[in-house]
Amino acid sequence: MAAAPGVRFPVFGLVRLLGLASATAIIVWAVHFRGGMAFSSETDKLLIFNVHPVLMLIGLVVLNGEALLAYKTVPGTKKLKKLVHLALQFLAMLLSLIGLWTVWKFHNEREIDHLYTLHSWLGLSCIIFFSLQWATGFYTFWYPGGSRSGRASLLPWHVFFGLFLYVLAIATSVSGLLEKSIFMQSTKMIGRFSTEALFMNSLGMLLLLLGALVILAVVSPGAGKIDTYRGSSE
Ligand code: HEM
């Protein structure tokens, strides 16, 4: 198999910068363009919906991306790196469950069907498998912890599914942005070339770039210490 590409630029700094930019952009979209967020509202149910993209994107894309890189970015012992990895993923899972609850509540209060779009199918799969991945990882690598050989055989699958679910989170977020933009265009809430539509398209492109850099930082032997991913099941 061909070697993974070597990285000669500050990929971790760039990932952090693009992650912060994406988080800021989705908050600006919800607050500035869509009028804000609320967990409950009698007058404007869309405020409840607006919480959904913000929590999903910050949780499953931004925090998840940082968590994937924790073994290469966090200084200190292997145990500390592992703790940061699992704590960030836990936070991501928590935010995604709250984000799912808000969109579910919005659909209930507006009497909209559940799970009728491809986005919702991708999203539900993402949340279910992300939670399973977290629980399996916690049980095997943290507490109570599997046997040495059990951990060694699970690790490559854990890494593979972790990356796969990260790509799925990016794809789901991009499909959510696309779907919301098309919904709003078809009901004449926004124009095709309105600032908001272009802003949403740009955010989708930003997520694509962020995803590429996170994957590059994970697979590249030049970026950080490779032994934590390749040679050990600790
Ligand atoms: C990884 C991130 C995301 C996940 C896991 C996810 C998951 C979901 C799920 C499971 C539903 C179905 C709720 C129901 O049927 O009651 C849903 C609905 C929705 N989501 Fe997301 N979502 C994500 C990100 C986003 C983003 C960034 C947007 C952008 C605006 C978005 C827009 C929507 C919209 C418009 C709906 C309602 C229509 C539909 O059911 O497809 N989502 N999402």
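What you are looking at is a predicted structure, and each value in this text was computed from that prediction instead of being measured.

Describe the overall build of the chain, and please don't skip the residues or the numbers.
What the chain contains, in helices and strands, is seven helices and zero strands. Along the chain, helices (α) and strands (β) appear in the sequence α-α-α-α-α-α-α when read from the amino end. For 234 residues, the compact-globule estimate of 2.2 N^0.38 gives 17 Å, and the C-alpha radius of gyration of the chain, at 19 Å, lies within 12% of that figure. Dimensions of the chain, computed from the C-alpha atoms along their principal axes, are close to 55 × 40 × 30 Å. In the chain, which comprises 234 residues, the share counted as buried stands at 29%. Partitioning the intrachain contacts of the chain with sequence separation of at least 6 by distance along the chain shows that 76% fall at a separation of at least 24.

How would you explain the packing of helix 5 (residues 148-186) against helix 6 (residues 195-219) if you had to name every residue and give the values?
A pair of packed helices can be characterised by two numbers: the angle between their axes and the separation between those axes. Across the interface, helix 5 lies against helix 6 with an axial gap of 10 Å and an inter-helix angle of 175°. The angle between the axes of helix 5 and helix 6 places the two elements in the roughly antiparallel class. Residue-level contacts link Leu 163, Tyr 166, Val 167, Ile 170, Ser 173, Val 174, Leu 177, Leu 178, Ser 181 and Gln 185 of helix 5 to Ala 197, Met 200, Leu 203, Gly 204, Leu 207, Gly 211, Val 214, Ile 215 and Val 218 of helix 6.

Can you tell me about the UniProt feature "transmembrane region" (unreviewed entry) in the chain, naming the residues and giving the values?
Feature annotation in UniProt places "transmembrane region" (unreviewed entry) on residues 12-31, 51-71, 83-101, 121-142, 154-178 and 198-219, given in this structure's numbering. From the first C-alpha to the last, residues 154-178 spans 36 Å; its make-up is 100% helix and 0% strand. Its end C-alpha atoms 32 Å apart, residues 198-219 is made of 100% helix and 0% strand.

Can you lay out the site of the ligand for me, pointing to particular residues and giving the numbers?
In the vicinity of the ligand lie 26 residues, with Met 56, Thr 117, Ser 120, Gly 123 and Gly 176 positioned nearest. Where the shell around the ligand is concerned, the elements lending two or more residues are helix 2 (46-73), helix 3 (78-110), helix 4 (118-142) and helix 5. Looking at the shell around the ligand element by element, the count peaks at seven residues for helix 5. Of the residues in the shell around the ligand, the class split is 13 nonpolar, 11 polar and two charged.

I'd like a rundown of the confidence of the model for the chain, residues and numbers included.
Per-residue confidence for the chain gives a mean pLDDT of 95; residues scoring 70 or more make up 95%. A low-confidence stretch, residues 226-234 (pLDDT under 50), is modelled with 12 contacts involving residues beyond four sequence positions or located in other chains.

Requested: an account of the nonpolar core, with residues and values cited.
Counting residues in each nonpolar core, the largest one holds 45 residues, and the members touching the most others are Val 15, Val 54, Val 214 and Ala 217. Residue assignment for this core shows that the elements contributing at least two residues are helix 1 (11-33), helix 2, helix 3, helix 4, helix 5 and helix 6. The element best represented in this core is helix 2, accounting for 15 residues.

Thresholds, definitions, all that
- Residues numbered from 1 in each chain as written.
- Predicted model: local features only at pLDDT ≥ 70, side-chain atom pairs only at ≥ 80, totals over all residues.
- Helix = DSSP H or I, 4+ residues; strand = E, 2+ residues; numbered from the N terminus.
- Rg over C-alpha atoms; globule rule 2.2 N^0.38 Å.
- Buried ≥ 20, exposed ≤ 12 C-beta atoms within 10 Å, placed from the backbone.
- Contact = placed C-beta atoms within 7 Å.
- Axes fitted to C-alpha atoms, helices over the stretch in contact; angles between N-to-C directions.
- Parallel < 35°, antiparallel > 145°, perpendicular 65-115°, else oblique.
- UniProt positions renumbered as here; feature names shortened; annotations may be inferred.
- Near = placed C-beta within 6 Å.
- Nonpolar A, V, L, I, M, F, W, Y, C, P; charged D, E, K, R; others polar.
- pLDDT = per-residue confidence, 0-100.
- Core = buried A, V, L, I, M, F, W, Y, C linked by C-beta atoms within 7 Å.

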